[in-house]
Amino acid sequence: MLKACETALWTAYDLAMLDLDGVVYIGPDAVPGAATHLAAAREAGLRLAYVTNNAGRPPATVAEHLRSLGIPAEVTDVVTSAQAAARLVARGIPAGSAVFVIGGEGLFVALEEQGLRPVQSIDEEPVAVVSGYHRDLAWGTVSDGAILVGRGLPWYASNTDWSVPTAHGLGPGNGVLVHAVERFSGRSPEVAGKPLAPLFEETVLRVGGDRPLVVGDRLDTDIEGATNSGHDSLLVLTGVTGLEELVAALPALRPTYLAADLRGLGHPHPAPVQDGAQIRCGRATARVRDGRVEIEDDGTDPDDWWRAVVTAAWRHLDTTGAPCAVDGVSPPSSVGPSTGSPTQQEQP
């Protein structure tokens, strides 16, 4: 269930591990207000880490993109699944070893940073294989990498996201490639990215912080990743998660806090309280009657509307095993999942 925080989150935590697409930007554009809210959070002393499952772009490219949107970001603030994967590889093989890359620039840069030699030829005698998203990946590279995996070389994957947004709609992500190599080789990789812990561990190692908070818009990567890593989380409602997905979330997919947008970093977060059959939060009151959510609210705080509704729904789900119906329930107009550019996974 949602927790209470009596102070602003940027006081209670010292590191925000921020997802990108759907949280900081949507497609090519910044989420409205994101630059202002993040600047305020940094001014308040909160470390900001921009954490992406996308292994295609090196941190310098991501940081440049963020700065072009008015977002405060240095290269050292960006942490990618390629970096997390490269560290996993480096722990398992000798320094200077050749590593076959089924991927592109992001993995090449990350492997070189770890003192390894990225290659794309079997003749270079690689001792491990790592795979990650790269839009222009050649089939011959995939084939050779799959052959090496089939021979038994250690195999690592940056992430297993099934889809990635493109200018023409959603396209296949690195998870599709991983699945193909798995089917061919009969083996599975060690995965670095969300929702698994290595990417979050990499972020704390690089950026620092003793009290990290995961900030994301997706339940099955950001929030589940926080749960898997033992971190608290803030779900913002500027991305892909809507009311239907949120009320049906099982415990591992439930955030610690939720807010309309990144403004929530600067606010205290009240915990909803049970009052008989009702859940109250601020001026919002919710209950589930005959399997349907009912809500009374005067519109004072849209975040309280969401807190009351999801808490009532989760109590119902935990008690009955069935999600409640939300058709006909209209969230506050100022929040909700984006209807703009696709944000199913990180922007390439």
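Residues numbered from 1 in each chain as written. Predicted model: local features only at pLDDT ≥ 70, side-chain atom pairs only at ≥ 80, totals over all residues. Heavy atoms only, no water.

1. Observations concerning helix α2 (residues 34-43)
When α2 is considered as a whole, its buried residues turn out to be A34, H37, L38 and A41. One side of α2 holds all its buried residues, which, seen down the axis, span an arc of 95°. Exposed residues pointing more than 90 degrees away from the buried face of α2 are listed as T36 and E43. Phi for G45, located one or two positions after α2, is positive at around 105°. (Buried < 20%, exposed > 50% of the residue type's maximum accessible area, 1.4 Å probe, protein only. Helix = DSSP H or I, 4+ residues; strand = E, 2+ residues; numbered from the N terminus. Arc of directions from axis to C-beta.)

2. Things to note about the side chain of Q83
Within the secondary structure layout, Q83 lies in helix α4 (residues 81-92). Residue classification places Q83 among the buried positions, given a relative accessible area of 6%. Among the polar contacts made by the side chain of Q83, one reaches the main-chain amide nitrogen of T80 at a distance of 2.9 Å. Not counting the four nearest positions on each side in its chain, Q83 is found in contact with P59, V78, A110, E113, E202 and R206. (Polar contact = N/O pair within 3.5 Å; in protein donor to acceptor, adjacent residues only side chain to side chain. Contact = heavy atoms within 4.5 Å.)

3. Focus on the pairing of strand β14 (residues 232-236)
Most of β14 is tucked away, with 4 of its 5 residues classed as buried. Of the strand pairs in this sheet, strand β13 (residues 212-216) and β14 are connected by 4 bridges, and their pairing is parallel. Bridge pairing in β14 places G216 opposite L235. The handedness of the β13 to β14 crossover, carried by helix α9 (residues 219-229), is right-handed. Where β14 and strand β15 (residues 257-259) come together, 3 bridges link them in parallel fashion. Looking at the pairing, L234 lines up with Y257 of β15. (Pairing = 2+ DSSP bridges. Right-handed = clockwise from strand over helix to strand, strands pointing away.)

4. Describing the sheet that holds strand β5 (residues 78-80)
Reading across the sheet, the 6 strands line up as β5-β4-β1-β13-β14-β15 and stay open at both edges, with parallel pairing between neighbours. The outermost strands of the open sheet, each flanked by one partner alone, are β5 and β15. Averaged over all adjacent pairs, the angle separating strand axes in this sheet is 25°, with direction ignored. In this fold helix α3 (residues 59-68) packs onto β4 (47-52) and β5, with an angle of close to 135° to the strand it touches most, β5. (Axes fitted to C-alpha atoms, helices over the stretch in contact; angles between N-to-C directions.)

5. Here's the deal with the nonpolar core
Where a protein is soluble and globular, its nonpolar side chains tend to be buried together. Membership of the largest hydrophobic core comes to 31 residues, with the highest contact counts inside it found for L18, Y50, L66 and V215. The set of elements that each furnish at least two residues to this core consists of β1 (15-18), β2 (25-26), α2, β4, α3, β13, β14 and β15. Once you skip the residues sitting within four places of it in the chain, V215 turns out to touch A16, M17, L18, D19, V23, L234, V236, L262 and L265. (Core = buried A, V, L, I, M, F, W, Y, C linked by side-chain atoms within 4.5 Å.)

6. Some thoughts on unusual backbone geometry
Residue P195 is bonded to the preceding K194 through a cis peptide linkage, with omega at 15°. Locating P195 in the fold gives a position in the loop between β12 (190-191) and α8 (198-207). Despite not being glycine, D290 shows a phi value in the positive range, around 55°. With respect to the helices and strands, the residue D290 is situated in the loop between β18 (284-289) and β19 (292-296). Its relative accessible area of 76% is what places D290 among the exposed residues.

7. Let's talk about the packing of aromatic side chains
Across all of its chains, the model carries 2 aromatic pairs by this definition. Relative to Y257, the ring of Y13 has its centre 6.1 Å away and its plane inclined at 75°; by these criteria the two rings are edge-to-face. In this pair, Y13 sits in the loop between α1 (9-12) and β1 while Y257 sits in strand β15, placing the two residues 244 residues apart along the sequence. The class of Y13 is buried, set by a relative accessible area of 9%. Its relative accessible area of 3% is what places Y257 among the buried residues. Between W305 and W306, the aromatic rings sit 5.4 Å apart at their centres with planes inclined by 70°, giving edge-to-face as the arrangement. (Phe/Tyr/Trp six-rings, centres within 6.5 Å; stacked < 30°, edge-to-face > 60°.)

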